Every structure is written in structure tokens, then in C-alpha cells.
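This is what each chain is made of:
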Amino acid sequence: MDKVRLIDIKETILSDNRDLAEQIRSNLKENKVFMLNMMASPGAGKTTLIIETLRRLKDKYKVAVIEGDIESQVDADKVAAEGVSAVQLRTGGACHLDAPMLKEALDTLELSALDALLIENIGNLVCPAEFDLGESCKVVVLSVPEGDDKALKYPLIFSVCDVLVISKADYLAGSDFDLELLVERVRRLNPSIRIFTTSCKTGAGLDLWCSWLSDQIEAATA
Amino acid sequence: MTPIHELAITEAVLKIVLKYAEDNKAARVVSIHLQAGELRDLTEEWIQRYFDYLSRETIAEGAKISLTRIPVQVTCQGCQASFSADIRTDKIECPECGNDKTELTGGDEFLIESIEVI
């Protein structure tokens, strides 16, 4: 009988994805394009936040949106209605975007003509956090109705993101959502995370968020 | 939620395993040892299930997967002591100095540790 041999591997899983993401990152840098990867649960308000962001930035920068919705064209249509070009990635049953999908989308765009790309990842707090897309910045959007315990339940996403946008802050009044506790939980995972509290309904916090985003775009395109 | 990201992850695992098995002129892969930090949401059962499906008619067919979880490591921002903690609770306190200000220093690991082949 053949002897069993042990082979040491110690190789990171998803290294292929990471390598392709690095290529994407350097390609974007060469073309001076800022890319934002926006992640959240379904219904957290990603599309609405993107629309409000486009309204504030589209006259200043050349922006395009990559929509990673599962099978519908709805979100891409909303973006197109703002006069901004949108690439719809039909991911079939997939629960997250990965670097090969992103590359496919980027190949359809004229990168040198763009300043910024906004990616709306698939609605899910688990899988998208695992996959580097080559973005300049990862953002997680958490809406008030989802609850302040999400940082405890989905720690990975809060630990890998550069920014947390708390959305639907207009629901704070009369809810038992503890904003201070949420911030404490998130900072425990990620002390340097930047936090914006917003409401697309009242407009609160949106100018602050967009002014921060403008600074990032300026820095990337300089 | 359907544990579908395990599918993408299992595809990546199979690819790496087959590469190492072939490089080492193996006839068959018997077992695969994975390590994942507690921050990663993964279930061993689903990885095995997807692996059984994806590895059909390869030399890795029938291989047994084991997943070792690596506890989340945090560092106390007060005294710099390093300890493991359950970050899914609010009760994190440095066992050395009692400080509750900590920083994550590990728990997102994700690798193929080794394989056994014949």
C-alpha cells in the first residue's frame, strides 16, 4: 500500500482573486481613477445613497457606476436616469462580486476618461467582505432599521472597511438603536474607520460624506 | 442565507490543492487541512459538500476536509498585552490590566495548511 505523504502548503486561499485585484488597483492608479466598493445588506439604501451622491458629484467629476445586483436591471436604470453611465453585472446566483467580474466590467469602460467609479456590491454582509476588487476604498452602509448589533454579527465586514455610512438616520428618533454603542462596537473592530451618519430622506450628513469623497477623488486624480 | 460563498472559496481551494498534488506527483489526495480565523464566516460542512461535488473525477475526489478555526487575537491599547477574544460579544476586557480598548491583530487568516496525498 502506498504511503501517505504530508505536503505543506501554507498558501492563502483566494490568492488568485487578490492578485487580479492588485492588477486592477494598479491599472486604476495608472489611469487616475478612484474606485469605491459599496457593500451593505439588501435594503440598506445603497442605491439611494449612490443616487444622492451622484447628484452632488456628477457635475464636478466624470463618474460611472458598476451595479452588481443579482438579476435585475432596476438599479442600473435608476443610475442611467441621472445621466450617469452604469454597467450592470449580471451575477446570476452569485452572492458577491469578485475580481474577475470586476475586470470584465472595467474592460467595457474607457478608464482614462473617468475620475471615479462607484461599485454597488451585491446586498449581503457576509461574502462581499471576503473579496478584494481592487478598489481604492471599501464602504459599508448600515441602515438604522437593521439594528446596532450588526457589528457583533458580521465583524469581518466592519473590520475590512475604511468607511461606515450609517443610513436612514431619520429612523433614529423613537427607535432603540443605540448609535453610541454601535460606534463603540465598530471601533473595537476597526479603530481607524471613518463614520458618517446620513439620511437620504432629510439630506442630513450627505454633504459631509460627499465632501470627504470629493477629497478622495481629488487625491486619486491629482 | 444559502452558504454560497463557500462555493467560490471551495473552487479556489480545489485549484490550489490540485496544483500541489500534481507538482508532487500524487496519485490521490486523502485529506486537506484548512485554517480560518474566527472572523471568517465559513462552515466546514458546506465546504466539504461543495468539495465533494467540485472534485468529482479529479485526483482529489473523496478527500476529507478539516477546518481549524483560529481564535481572534486582539491587542490591548493600554498595556499592549495580546489575548484571544470573542468579538461577537461586548465583553472584551484585557486580562492583564482590565482595559476595554483593544485592537484586532488577527482572526482573518485563511489558508490551506497542508494536504495528505498518496
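You'll find the structure just up there.
Basis of the calculations
Residues numbered from 1 in each chain as written. Chains lettered and ligands numbered in written order. Predicted model: local features only at pLDDT ≥ 70, side-chain atom pairs only at ≥ 80, totals over all residues. Heavy atoms only, no water. Helix = DSSP H or I, 4+ residues; strand = E, 2+ residues; numbered from the N terminus. Expected span 1.5 Å × (residues − 1). Buried < 20%, exposed > 50% of the residue type's maximum accessible area, 1.4 Å probe, protein only. Axes fitted to C-alpha atoms, helices over the stretch in contact; angles between N-to-C directions. Parallel < 35°, antiparallel > 145°, perpendicular 65-115°, else oblique. Left-handed = near helix turned anticlockwise from the far one by under 90°. Contact = heavy atoms within 4.5 Å. Pairing = 2+ DSSP bridges. Core = buried A, V, L, I, M, F, W, Y, C linked by side-chain atoms within 4.5 Å. Buried area = accessible area lost by both parts, 1.4 Å probe. Salt bridge = Lys/Arg side-chain N within 4 Å of Asp/Glu carboxyl O. Nonpolar A, V, L, I, M, F, W, Y, C, P; charged D, E, K, R; others polar.

## A closer look at helix α8 (residues 206-221) of chain A
Move 1: Over its 16 residues, α8 of chain A extends 22 Å from the first C-alpha to the last, a length consistent with the 22 Å expected when each residue adds 1.5 Å.
Move 2: Leu206, Trp209, Cys210, Trp212, Leu213, Ser214 and Ile217 of chain A are the residues of α8 of chain A that are buried.

## Overview of the packing of helix α1 (residues 15-30) of chain A against helix α4 (residues 99-107) of chain A
All names here are of chain A.
Move 1: Running from N to C, α1 and α4 point in directions that differ by 30 degrees, and their axes come no closer than 9 Å. With respect to α4, the element α1 is oriented roughly parallel. The handedness of the crossing between α1 and α4 is left-handed. Of α4, the residues touching α1 (which contributes Asn17, Leu20, Ala21 and Ile24) are Ala99, Pro100, Leu102, Lys103 and Leu106.

## Details of the sheet that holds strand β6 (residues 110-117) of chain B
Move 1: On the basis of which strands lie adjacent, the open sheet formed by four strands has the order β1(A)-β6(B)-β1(B)-β2(B) and mixed pairing. The two strands at the open ends of the sheet, each matched to only one other strand, are β1 (5-12) of chain A together with β2 (64-70) of chain B. The sheet shows a mean angle of 20 degrees between the axes of neighbouring strands, taken without regard to direction.
Move 2: Strand direction decides the pairing type here: strand β1 (residues 29-37) of chain B and β6 of chain B, joined by seven bridges, are antiparallel. Pairing of serine 31 of chain B across the sheet is with glutamate 116 of chain B, part of β6 of chain B.
Move 3: Strands β1 and β2 of chain B of the sheet are contacted by helix α2 (residues 44-54) of chain B, whose axis makes an angle of about 150 degrees with β2 of chain B.

## So, unusual backbone geometry
Move 1: You will see that lysine 168 of chain A, though not glycine, has its phi angle at about 55 degrees, which is positive.
Move 2: For lysine 168 of chain A, the location among the structural elements is in the loop between β7 (163-167) and α7 (179-189).
Move 3: Even without glycine at this site, lysine 25 of chain B takes up a positive phi of about 50 degrees.
Move 4: If you trace the backbone, lysine 25 of chain B turns up in the loop between α1 (5-23) and β1.

## Re the sheet that holds strand β3 (residues 73-76) of chain B
All names here are of chain B.
Move 1: Strand order in the open sheet formed by three strands is β4-β3-β5, with antiparallel pairing between adjacent strands. A strand with exactly one partner marks an edge of an open sheet, and here the two such strands are β4 (82-84) and β5 (102-106). The average angle at which neighbouring strand axes cross in this sheet is 40 degrees, direction not considered.
Move 2: As paired elements, β3 and β4 share three bridges and run antiparallel to each other. Each bridged residue has a counterpart across the sheet, and for threonine 75 the counterpart in β4 is serine 82.

## Re the nonpolar core
Move 1: Membership of the largest hydrophobic core comes to 31 residues, with the highest contact counts inside it found for Ile13 of chain A together with Val29, Ile32, Leu34, Ile112 and Ile115 of chain B.
Move 2: Contributing elements (two or more residues each) for this core: β1 of chain A together with α1, β1, α2, β2 and β6 of chain B.
Move 3: In terms of residues, this core owes the most to one element, α1 of chain B, which gives ten residues.
Move 4: Excluding anything up to four places from it in sequence, isoleucine 13 of chain A contacts Ile9, Ala12, Val13, Ile16, Leu34, Phe110, Leu111 and Ile112 of chain B.

## What about the interface of chain A and chain B?
How big an interface is tends to be stated in terms of accessible area lost as the parts join.
Move 1: Facing 33 residues of chain A, the contacting portion of chain B comprises 37 residues.
Move 2: Both faces considered, chain A and chain B share a buried interface measuring about 3300 Å² in area, 62% of it formed by carbon and sulfur atoms.
Move 3: Put simply, chain A and chain B have six salt bridges between them.
Move 4: Residue arginine 188 of chain A pairs with aspartate 90 of chain B through a salt bridge whose shortest N-O separation is 3.2 Å.
Move 5: Elements with a minimum of two residues in the side of chain A that touches chain B: β1, α1, α5 (150-153), α6 (155-160) and α7 of chain A.
Move 6: With eight residues, β1 of chain A is the largest single contributor of residues to the side of chain A that touches chain B.
Move 7: Of the residues assigned to the side of chain A that touches chain B, the class counts are 16 nonpolar, six polar and eleven charged.
Move 8: Of the pairings in the sheet, the one linking β1 of chain A to β6 of chain B comprises six bridges and is antiparallel in character. Bridge pairing links threonine 12 of chain A to leucine 111 of chain B in β6 of chain B.

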